[in-house]
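# Survey of secondary and tertiary structure
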Amino acid sequence: MKLKRLLAVSVLLASQPLLAKDHKVEIEFDADKTGPLIHKDIYGQFAEHLGRGIYEGVWVGEDSDIPNTRGFRNDVLNALRDIKVPLVRWPGGCFADEYHWREGIGPRDERPVKVNTHWGGVEEPNTFGTHEFFEFVELLGADAYVNGNLGSGSVQEMAEWMEYMTGEKGSTLAEERRKNGREEPFEIAYFGVGNEAWGCGGNMRPEYYADLYRQYSTFLKAPSGKMPKLVASGGHSEDTSWTDVLSKNIEQKIDGISYHYYTLPNSDWDNKGRAIQFSEDEWFNTMARTYKIDDYISANLAKLEENDPDGDIKFYVDEWGTWYDPEPERDPGFLYQQNTLRDAVVAAVNFNIFHDHAERVTMTNIAQMVNVLQAMILTDKEKMVLTPTYHTYGMYKVFQNATSIPFEIDSPKYQKGDKSVPAVTASVARGENGKLYLALVNMDPENGAEVSLDIDGVKAERAVGQILTAEAMDARNTFDNPEALEPVAFASDLDELEIPAKSVVVVELQ
Ligand code: AHR
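Because the structure is a prediction, the values reported are computed rather than measured.

The rules we used
Counting of residues starts from 1 at the beginning of each chain's written sequence and follows it residue by residue. This being a predicted model, a pLDDT of at least 70 is required before a residue's local features are given, and a value of 80 or more before pairs of side-chain atoms are given or counted; all residues contribute to the totals for chains, interfaces and linings. Excluding hydrogens and water, the side-chain figures rest on all heavy atoms present in the structure. Two strands pair if DSSP finds at least two bridges between them. Only runs of H or I of at least four residues qualify as helices and only runs of E of at least two qualify as strands under DSSP, and these elements are numbered from the N terminus. Fitting a line to C-alpha atoms yields each axis, with helices limited to the stretch in contact; the angle taken between N-to-C directions then spans 0 to 180 degrees. Residues count as neighbours in contact if any of their non-hydrogen atoms are within 4.5 Å of one another. One heavy atom suffices: a residue is near a molecule or strand as soon as one of its heavy atoms comes within 4 Å of it. Between N or O atoms, a polar contact is any pair within 3.5 Å; within protein, one atom must be a potential hydrogen donor and the other a potential acceptor, and residues adjacent in sequence are included only when both atoms are from side chains. The method behind every accessible area is Shrake-Rupley, applied with a 1.4 Å probe, and residues are considered shielded solely by the protein chains displayed. The nonpolar class holds Ala, Val, Leu, Ile, Met, Phe, Trp, Tyr, Cys and Pro. Asp, Glu, Lys and Arg form the charged class, and all remaining residues, Gly among them, are polar. UniProt positions are given in the numbering used here, feature names are shortened, and annotations may be inferred rather than shown by experiment. For each residue, the accessible area found with a 1.4 Å probe, counting protein chains only, is set against the maximum for its type, and the residue is called buried under 20%, exposed over 50%, and partly exposed in between. A crossover counts as right-handed when, viewed with the strands pointing away from the observer, the path leading from the first strand over the helix to the second turns clockwise.

## A few points about the sheet that holds strand 11 (residues 229-232)
Taking strand neighbours around the barrel as the criterion, the eight strands line up as 3-6-9-10-11-12-13-14 in a closed arrangement whose pairing is parallel. Taking the axes of each pair of neighbouring strands and ignoring which way they run, one obtains an average angle of 25 degrees across the sheet. Of the pairings in the sheet, the one linking strand 12 (residues 256-263) to strand 13 (residues 314-322) comprises seven bridges and is parallel in character. Considered in strand 13, the bridge of threonine 263 is made with threonine 322. Relative to strand 11, helix 6 (residues 206-218) is tilted by about 160 degrees, and along the sheet it contacts strand 10 (190-193) and strand 11. Lying on the sheet, helix 8 (residues 280-307) is in contact with strand 12 and strand 13; it crosses strand 12 at an angle near 160 degrees.

## Focus: the site of the ligand
Taken together, 13 residues sit near the ligand, with Glu48, Cys94, Glu196, Tyr262 and Glu319 positioned nearest. Here an oxygen atom of the ligand and a side-chain polar atom of glutamate 48 are 2.8 Å apart. In the environment of the ligand, an oxygen atom lies 2.7 Å from a nitrogen or oxygen atom belonging to the side chain of glutamate 319. Computed on the free molecule, the ligand has an accessible area of 280 Å², of which 94% lies beneath the protein chains in the complex. Looking at side-chain class alone, the shell around the ligand contains six nonpolar, four polar and three charged residues.

## As for the UniProt feature "domain: NERD" (unreviewed entry) in the protein
Those residues carrying the UniProt feature "domain: NERD" (unreviewed entry) are residues 456-510 in this numbering. As annotated, residues 456-510 has a helix share of 0% and a strand share of 44%, and its two end C-alpha atoms lie 14 Å apart.

## Considerations on the pairing of strand 12
Where burial is concerned, most of strand 12 is hidden: eight out of the eight residues are buried. Of the two faces of strand 12, both are covered, the one formed by Gly256, Ser258, His260 and Tyr262 as well as the one formed by Ile257, Tyr259, Tyr261 and Thr263. The pairing of strand 11 with strand 12 spans two bridges and is classified as parallel. Each residue of the ladder has a partner; that of valine 231, found in strand 12, is glycine 256. Note that the unit made of strand 12, helix 8 and strand 13 has a crossover that is right-handed.

As structure tokens, then:
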């Protein structure tokens, strides 16, 4: 099977358009120089009570015919373990600001059924609550990012949730947690104080939210050494005012400010563009709009440099990814979309940008993990498919906790009219295992490029790793053909290194 696939890819690579003469990428670095750590949490995921993101996607219940471990589907658990998911954010999103944690604890059959007013108006059974979330991340070997309800909750409710999760001795709430089956406190890595306060989280102004954050965070307490990193809910897209106001007005109990950015091919919420069968113009627009996040992050980080020159406040991109028109015949409130080679390339472009800003960007969460927006995994009852985005995460896992290496890159442009992006972007890092890694992504769907490396500090002759590419821009995996697009082995002498059109390559330099 693997050999067949290898042959198929050799044929595919041979059928790629010939390299245009002037398509040369030059990369220069000194392998002895080091940049900031690429925090593993840059590879975080987001799982909201939305569509089939949790129910069916993760949780099927102990009595399900779908093979499961205490209610969590085994195929999804195994797939997520394989890409080393480091962190999961839950329960929202917009859902977080309507979530009341008490409704999701205690005997499952006694929990209240509510309406999920944000997403599809469907029944929310509260079967998946605090205990189930922590059991899920523990089964994955991941850390927990819990998002609190500031929009429609209260200071007391948020403070009590924190105590319920982290309390040790002498706490009535910790005792209640024990009665519900959990002796040891839960470990929370990050706690979000509200979500999108500028919109679904309460339509606030940043000044008002900053005051509320100061108030709420005052009462968030945990035993010594157990306090999670606290996240202030920030702005989105080109806006920098939230980062500016929050970093000026919140002086205590803040570890980071969050930021959201979605790629809409047509930049229009009423006509976002299709997930499949799109034109090259839409491919280009998707790349150009994705690449914009580099400017937007830089503009926000400039505000942080002004207001927090010591670098104490981190910048967390805790929602990002592609957002397309809903699939015909699917509930539009479920945000289910197909995922193609284009999404895999988008993910790699984002990773390379996050690595470039790794000093302050220490955590991000793609939206979302299963069955929602730019998902890793799609399910249809007992069937599961791994998306091209999943494979980019798998290829890039060597960058988790790697030490970045500063580099210079000179790339041809991928251009349409007066707009352009660099065709090729890259990352260079020394992995936790001491090996030297290079990632390359080519956004140009027509032209491959020669890559010339000028490396100081180490002698490397071969590039050995994996490539993800296909002939069609919208190549994808389906329930009928789940292995249509997968990474395959890639090896090249360094003096003959080439990156094909529309591809992602991650190699060890040997
Ligand atoms: O990820 C879907 C939604 O997008 C989230 O609930 C919200 O925070 C954002 O607007």
